[in-house]
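The residues making up each chain are set out below.
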Amino acid sequence: DVLDPERLIQCPLVKHHRIRARRFPYHLVKCKESNPEIAKSLATCPFNARHLVPRATLSDHIMKCSDKAFMEQDVVSRSYEPPQQQLNDGSTWQAPPCDEDWET
(Lines give C-alpha, C1' and ligand atoms only; values in the text may rest on other atoms or scores of the structure.)
Protein backbone atom coordinates (compact mmCIF):
# COMPACT_ATOMS: atom_id res chain seq x y z
CA ASP A 1 0.00 0.00 0.00
CA VAL A 2 1.58 3.25 -1.15
CA LEU A 3 -0.32 5.37 1.38
CA ASP A 4 0.71 3.41 4.47
CA PRO A 5 3.12 0.50 4.00
CA GLU A 6 2.99 -0.28 7.73
CA ARG A 7 -0.80 -0.75 7.79
CA LEU A 8 -1.93 -4.24 8.84
CA ILE A 9 -4.04 -6.18 6.34
CA GLN A 10 -6.00 -9.33 7.04
CA CYS A 11 -5.03 -12.32 4.91
CA PRO A 12 -7.93 -13.56 2.73
CA LEU A 13 -6.77 -17.16 3.11
CA VAL A 14 -6.18 -17.45 6.86
CA LYS A 15 -8.23 -14.87 8.74
CA HIS A 16 -5.98 -14.69 11.81
CA HIS A 17 -2.96 -13.68 9.68
CA ARG A 18 -2.27 -9.93 9.88
CA ILE A 19 0.40 -8.71 7.48
CA ARG A 20 1.99 -5.33 6.86
CA ALA A 21 0.84 -3.84 3.56
CA ARG A 22 4.38 -3.75 2.17
CA ARG A 23 4.77 -7.51 2.74
CA PHE A 24 1.26 -8.50 1.65
CA PRO A 25 2.06 -9.65 -1.95
CA TYR A 26 4.85 -11.91 -0.68
CA HIS A 27 2.62 -13.31 2.05
CA LEU A 28 -0.11 -14.16 -0.47
CA VAL A 29 2.28 -16.27 -2.53
CA LYS A 30 3.54 -18.18 0.51
CA CYS A 31 0.10 -18.55 2.05
CA LYS A 32 -1.36 -19.93 -1.21
CA GLU A 33 1.40 -22.55 -1.28
CA SER A 34 0.81 -23.46 2.36
CA ASN A 35 -3.00 -23.61 2.00
CA PRO A 36 -3.75 -25.01 -1.49
CA GLU A 37 -7.27 -26.16 -0.62
CA ILE A 38 -8.30 -22.71 0.60
CA ALA A 39 -6.56 -21.09 -2.39
CA LYS A 40 -8.60 -23.24 -4.81
CA SER A 41 -11.83 -21.85 -3.36
CA LEU A 42 -10.76 -18.25 -3.99
CA ALA A 43 -10.59 -16.26 -7.22
CA THR A 44 -8.24 -13.40 -8.06
CA CYS A 45 -9.68 -10.02 -8.99
CA PRO A 46 -8.74 -9.00 -12.56
CA PHE A 47 -8.14 -5.41 -11.39
CA ASN A 48 -5.93 -6.13 -8.37
CA ALA A 49 -4.12 -9.43 -7.73
CA ARG A 50 -4.17 -8.67 -3.99
CA HIS A 51 -7.92 -9.13 -3.97
CA LEU A 52 -8.77 -12.78 -3.36
CA VAL A 53 -12.50 -13.43 -3.02
CA PRO A 54 -14.67 -16.55 -2.90
CA ARG A 55 -15.29 -17.79 -6.45
CA ALA A 56 -19.06 -17.45 -6.02
CA THR A 57 -18.77 -13.72 -5.29
CA LEU A 58 -16.19 -12.78 -7.94
CA SER A 59 -18.69 -11.16 -10.33
CA ASP A 60 -20.13 -9.08 -7.47
CA HIS A 61 -16.62 -8.04 -6.44
CA ILE A 62 -15.76 -7.04 -10.02
CA MET A 63 -18.79 -4.77 -10.16
CA LYS A 64 -17.81 -3.04 -6.89
CA CYS A 65 -14.00 -3.18 -6.99
CA SER A 66 -12.40 0.15 -6.14
CA ASP A 67 -9.48 -0.55 -8.49
CA LYS A 68 -11.84 -0.94 -11.45
CA ALA A 69 -12.11 2.85 -11.74
CA PHE A 70 -8.33 3.19 -12.16
CA MET A 71 -8.33 0.64 -14.98
CA GLU A 72 -11.29 2.26 -16.73
CA GLN A 73 -9.68 5.69 -16.41
CA ASP A 74 -6.46 4.33 -17.93
CA VAL A 75 -8.34 2.78 -20.87
CA VAL A 76 -10.22 6.02 -21.54
CA SER A 77 -7.07 8.16 -21.37
CA ARG A 78 -5.26 5.84 -23.78
CA SER A 79 -8.12 6.03 -26.29
CA TYR A 80 -7.56 9.79 -26.60
CA GLU A 81 -3.84 9.54 -27.34
CA PRO A 82 -3.02 10.39 -30.97
CA PRO A 83 -1.87 7.41 -33.06
CA GLN A 84 1.83 7.16 -33.76
CA GLN A 85 2.91 8.75 -37.00
CA GLN A 86 3.55 6.16 -39.67
CA LEU A 87 6.88 6.19 -41.47
CA ASN A 88 6.67 7.07 -45.19
CA ASP A 89 3.96 4.70 -46.57
CA GLY A 90 4.67 1.94 -44.06
CA SER A 91 7.70 -0.04 -43.02
CA THR A 92 11.23 0.73 -44.15
CA TRP A 93 12.35 -2.87 -43.55
CA GLN A 94 13.89 -4.68 -46.52
CA ALA A 95 14.67 -8.37 -46.81
CA PRO A 96 18.40 -9.22 -46.80
CA PRO A 97 19.87 -10.56 -50.04
CA CYS A 98 19.47 -14.30 -50.49
CA ASP A 99 21.94 -16.58 -52.29
CA GLU A 100 19.58 -19.56 -52.40
CA ASP A 101 17.79 -20.46 -55.64
CA TRP A 102 14.71 -22.51 -54.82
CA GLU A 103 13.97 -23.10 -58.49
CA THR A 104 17.05 -25.29 -59.03
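Residues numbered from 1 in each chain as written. Predicted model: local features only at pLDDT ≥ 70, side-chain atom pairs only at ≥ 80, totals over all residues. Heavy atoms only, no water.

Named according to an unreviewed UniProt entry, the protein is GTSF1 factor originating from Alaudala cheleensis.

Below, the discussion takes up helix 1 (residues 24–34). For helix 1, the complete set of buried residues consists of Phe-24, His-27, Leu-28 and Cys-31. Angularly, the buried residues of helix 1 cover 105° about the axis, an arc narrow enough to put them on a single face. Along helix 1, the residues that are exposed and aim more than 90 degrees away from the buried face are Tyr-26, Lys-30 and Glu-33. In this fold, the buried residues of helix 1 make contact with strand 1 (8–10), strand 2 (18–20) and strand 4 (52–54). (Buried < 20%, exposed > 50% of the residue type's maximum accessible area, 1.4 Å probe, protein only. Helix = DSSP H or I, 4+ residues; strand = E, 2+ residues; numbered from the N terminus. Arc of directions from axis to C-beta. Contact = heavy atoms within 4.5 Å.)

So, on to the pattern of salt bridges. Here the structure, examined in full by the defined rule, presents four salt bridges. When the shortest N-O distance is used, the salt bridge between Glu-6 and Arg-22 registers 2.8 Å. Residue Glu-6 is found in the segment before strand 1, and its partner Arg-22 is found in the loop between strand 2 and helix 1; the two are separated by 16 residues along the sequence. Residue Lys-40 pairs with Glu-37 through a salt bridge whose shortest N-O separation is 3.5 Å. Remark: Glu-37 and Lys-40 occur in helix 2 (residues 36–40); sequence separation between them is three residues, near one turn of the helix. Assessed through its relative accessible area of 59%, Glu-37 is described here as exposed. (Salt bridge = Lys/Arg side-chain N within 4 Å of Asp/Glu carboxyl O.)

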